[in-house]
Amino acid sequence: MNKLSKGLLAGAALLIAPFSQAAVIEWSYNVTTEWLGATFSGANANQIVNDSLISWGRAGGDHTNPTLSAINSRSGIEISNSPAMGSVITNDMMPAPTNIITHYNNTLSSTYSTLTTASILTTLDLTPVNPVGPAVPQFSTNFFVDFIETPNTTPCNFPTETVCDDIFVIQFGALNTEFVYDGLTYFLSIVELSGNLTPLPDATCARAGKANGCLGFTTREKTFTPAQFGFFITTRPLNVPEPAMLGLFGLGLLGFTVFGRRRSVKK
């Protein structure tokens, strides 16, 4: 987590009300995220779609191997650390880590079709362990992925390290989700722990078809970018400005948009 985020989150601790004697102090959690399905731009994606992985490119290729030639390569989006299990302390500013989504951005021949849309289901189970109590009703939500490839030719019309970096943009709604347990209101506040999701330059947002101030990251070819997420539970909503606090998995998430580029590789 970067220094800015640490400072903002530490400052947010001052906004949290003291414990009530009736408040739940500690919870156990189980967060599971899975892909529900995907669509592709054509019939030659050689796609793999299962609970944890969406991958496309050369049949028999390896999306984790960046050394393969474009005609032999694959790209993918993979969910790991699911289910994520552990415990979280109410009003503790140490986030509970959950699932990871990694983009494997390899150079692909334009021969191959690419991912266009996908959907995700995430569920969160919370059970009080101090004091012990019955489980909270399960949270479940869907969100959706759009993947758009653009030509890898200049001009890119946005800041880029290569010609032209892939752009991921995540659109958020409210960053807190509240629930009532035993007569008290609690708030789930979702954060991204790797520091990879940040406000993008206006030109990058515009290239992705989004308004200024959009949140996301750009990735070069043959680069793997993970986004590690976590959450807090507090007795008051956190008043932390973006990007220190980022929403995920429908607990404040409206959509997940991925913008890539067309690999124009000569065969």
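All residue numbers refer to position in the chain's written sequence, counted from 1. Under the rules for a predicted model, residues below a pLDDT of 70 receive no local features and side-chain atom pairs below 80 are neither given nor counted, while totals for whole chains, interfaces and linings still include all residues. Hydrogens and water are ignored here; the side-chain numbers use all heavy atoms of the structure.

Chemist: How should the overall build of the chain be read in this particular structure?
Modeler: The numbering of helices and of strands both runs from the N terminus, where a helix is a DSSP run of H or I of at least 4 residues and a strand a run of E of at least 2. Across its full length, the chain holds two helices and 15 strands. Only protein chains enter the accessibility calculation, which uses a 1.4 Å probe. A residue is then buried if its area is under 20% of the maximum for its type, exposed if over 50%, and partly exposed in between. Scored against the burial criterion, the 267 residues of the chain give a buried share of 49%. Here, two residues are considered to be in contact whenever any of their heavy atoms come within 4.5 Å of each other. Summarising the internal contacts of the chain: among those between residues at least 6 apart in sequence, 77% fall at separations of at least 24. Only carbon and sulfur atoms are counted for the fraction: they give 55% of the accessible area of the chain, which is about 11,500 Å². For every accessible area listed, the method is Shrake-Rupley and the probe measures 1.4 Å; residues are considered covered only by the protein chains on display.

Chemist: Whenever I open this one, the pattern of salt bridges confuses me. Can you help?
Modeler: It is possible for side chains bearing opposite charge to pair when their charged atoms get close. Any Lys or Arg side-chain nitrogen found within 4 Å of a carboxyl oxygen on Asp or Glu counts as a salt bridge. One pass over the structure, following the stated rule, counts one salt bridge. Note that glutamate 161 and arginine 220 form a salt bridge whose closest N and O atoms lie 3.0 Å from each other. With glutamate 161 in the loop between β8 (139–151) and β9 (166–172) and arginine 220 in the loop between β13 (215–219) and β14 (223–234), this residue pair connects regions lying 59 residues apart in the sequence. On the basis of relative accessible area, glutamate 161 is assigned to the exposed category, the value being 64%. Of the residues examined, arginine 220 reaches a relative accessible area of 35% and is grouped as partly exposed.

Chemist: Even after reading the chapter, I still don't get the packing of aromatic side chains, so can you show me in this structure?
Modeler: For any pair of aromatic rings, the description rests on two quantities: the centre-to-centre distance and the angle between the ring planes. In summary, the pairing rule links any two rings of Phe, Tyr or Trp, Trp by its six-membered ring, whose centres are within 6.5 Å, and it sorts them by plane angle into stacked for under 30 degrees, edge-to-face for over 60 and tilted for everything else. This model, assessed by the stated rule, comprises six aromatic pairs. Within the aromatic cluster, the residues linked to one another by ring pairs are Trp27, Phe179, Tyr181 and Tyr186.

Chemist: Please clarify how unusual backbone geometry should be interpreted in this entry.
Modeler: Only a minority of non-glycine residues have a phi that is not negative, and only a minority of peptide bonds are not trans. With an omega dihedral of 5°, the bond running from serine 82 to proline 83 counts as a cis peptide bond. On the secondary structure map, proline 83 appears in the loop between β4 (74–80) and β5 (84–89). Look at the link from asparagine 130 to proline 131: it is a cis peptide, with omega at -5°. Relative to the helices and strands, proline 131 resides in the loop between β7 (115–130) and β8. In this structure, asparagine 46 takes a positive phi of about 45° despite not being glycine. Residue classification places asparagine 46 among the partly exposed positions, given a relative accessible area of 30%.

Chemist: Is there a simple way to explain the side chain of threonine 90 in this structure?
Modeler: For threonine 90, the location among the structural elements is in the loop between β5 and β6 (96–105). A residue is classified by how much of its surface remains accessible, and threonine 90, at 1% relative accessible area, is buried. Any pair of nitrogen or oxygen atoms within 3.5 Å is treated as a polar contact; in protein, a donor-acceptor pairing is required on top of that, and neighbouring residues in sequence qualify only through side-chain atoms on both sides. Polar side-chain contacts of threonine 90 include one of 2.6 Å to the backbone oxygen of valine 24. A distance of 2.8 Å separates polar atoms of two side chains, one belonging to threonine 90 and the other to tryptophan 27.

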